[in-house]
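# Geometric and topological summary
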Amino acid sequence: QVQVVESGGGLVQPGGSLRLSCAASGSIFTINAMGWYRQAPGKQRELVAKITGRSTVNYDDSVKGRFTISRDNAKNTLYLQMNSLKSEDTAVYYCNVEGRVDLLRPFGSWGQGTQVTVSS
């Protein structure tokens, strides 16, 4: 099994910053892609940013220039630096990790989510 744990959420004023972290542990042979998703009340879960094993990065247009995704491969850890936060960034943020537990078996695991609230 692969466990994914997010941290770093909280309450921040508009224009402020937060840094989210996501740590993956367990039976990990290799990690291919890691990504951040978010789900606001009454809305579907959406991709925020994703980084592949070859360090290709994709951002949703709504966060380009404000959010930065990065990963530490040695620690199986993913980060999301969020700057210039807006009220519409308020959501539960989830980390997703895709990889293999061995040469034959892929995995895809989600964390439990961390709440980000942007409000004055």
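A short tour of the structure in this document, coming up. (Residues numbered from 1 in each chain as written. Predicted model: local features only at pLDDT ≥ 70, side-chain atom pairs only at ≥ 80, totals over all residues. Heavy atoms only, no water.)

## What about the overall build of the protein?
Heads up, the condition is: By definition, any uninterrupted DSSP run of H or I lasting at least four residues is a helix, any uninterrupted run of E lasting at least two residues is a strand, and each is numbered from the N terminus. Atoms counted for the radius of gyration: C-alpha only. Globule rule: 2.2 Å times the number of residues to the power 0.38. Only protein chains enter the accessibility calculation, which uses a 1.4 Å probe; a residue whose area is less than 20% of its type maximum is buried, one above 50% is exposed, and one in between is partly exposed. Contacts are residue-level and defined by heavy atoms, with any inter-residue pair within 4.5 Å sufficient. Note on areas: these come from Shrake-Rupley sampling with a 1.4 Å probe, and a residue is covered only by the protein chains present in the view.
Along the backbone of the protein there are zero helices and eleven strands. Beginning at the N terminus, the succession of helices and strands in the protein can be written as β-β-β-β-β-β-β-β-β-β-β. For 120 residues, the compact-globule estimate of 2.2 N^0.38 gives 14 Å, and the C-alpha radius of gyration of the protein, at 14 Å, lies within 12% of that figure. Overall, the protein is about 50 × 25 × 25 Å in size when its C-alpha atoms are taken along their principal axes. Expressed as a percentage of its 120 residues, the buried residues of the protein come to 38%. Restricting to contacts in the protein with at least 6 residues of sequence separation, those with at least 24 account for 56%. Here the protein has roughly 6,500 Å² of accessible surface; of this, 46% comes from carbon and sulfur atoms.

## Remarks on the pattern of salt bridges
How we decide: The rule for a salt bridge is simple: a side-chain nitrogen of Lys or Arg has to be within 4 Å of a carboxyl oxygen of Asp or Glu.
Tallying each qualifying case throughout the model produces six salt bridges. Between Asp 61 and Lys 64 there is a salt bridge, with its nearest N and O atoms 3.0 Å apart. What makes Asp 61 exposed here is its relative accessible area of 59%. Residue Arg 66 pairs with Asp 89 through a salt bridge whose shortest N-O separation is 2.8 Å. A residue pair is termed long-range when its members are at least 10 positions apart, and Arg 66 in the loop between strand 6 (57-59) and strand 7 (67-72) and Asp 89 in the loop between strand 8 (77-82) and strand 9 (91-100) qualify at 23 residues. Each member of the pair Arg 66 and Asp 89 is classed as buried. Through salt bridges with shared partners, a single network forms among Arg 38, Glu 46, Arg 66 and Asp 89.

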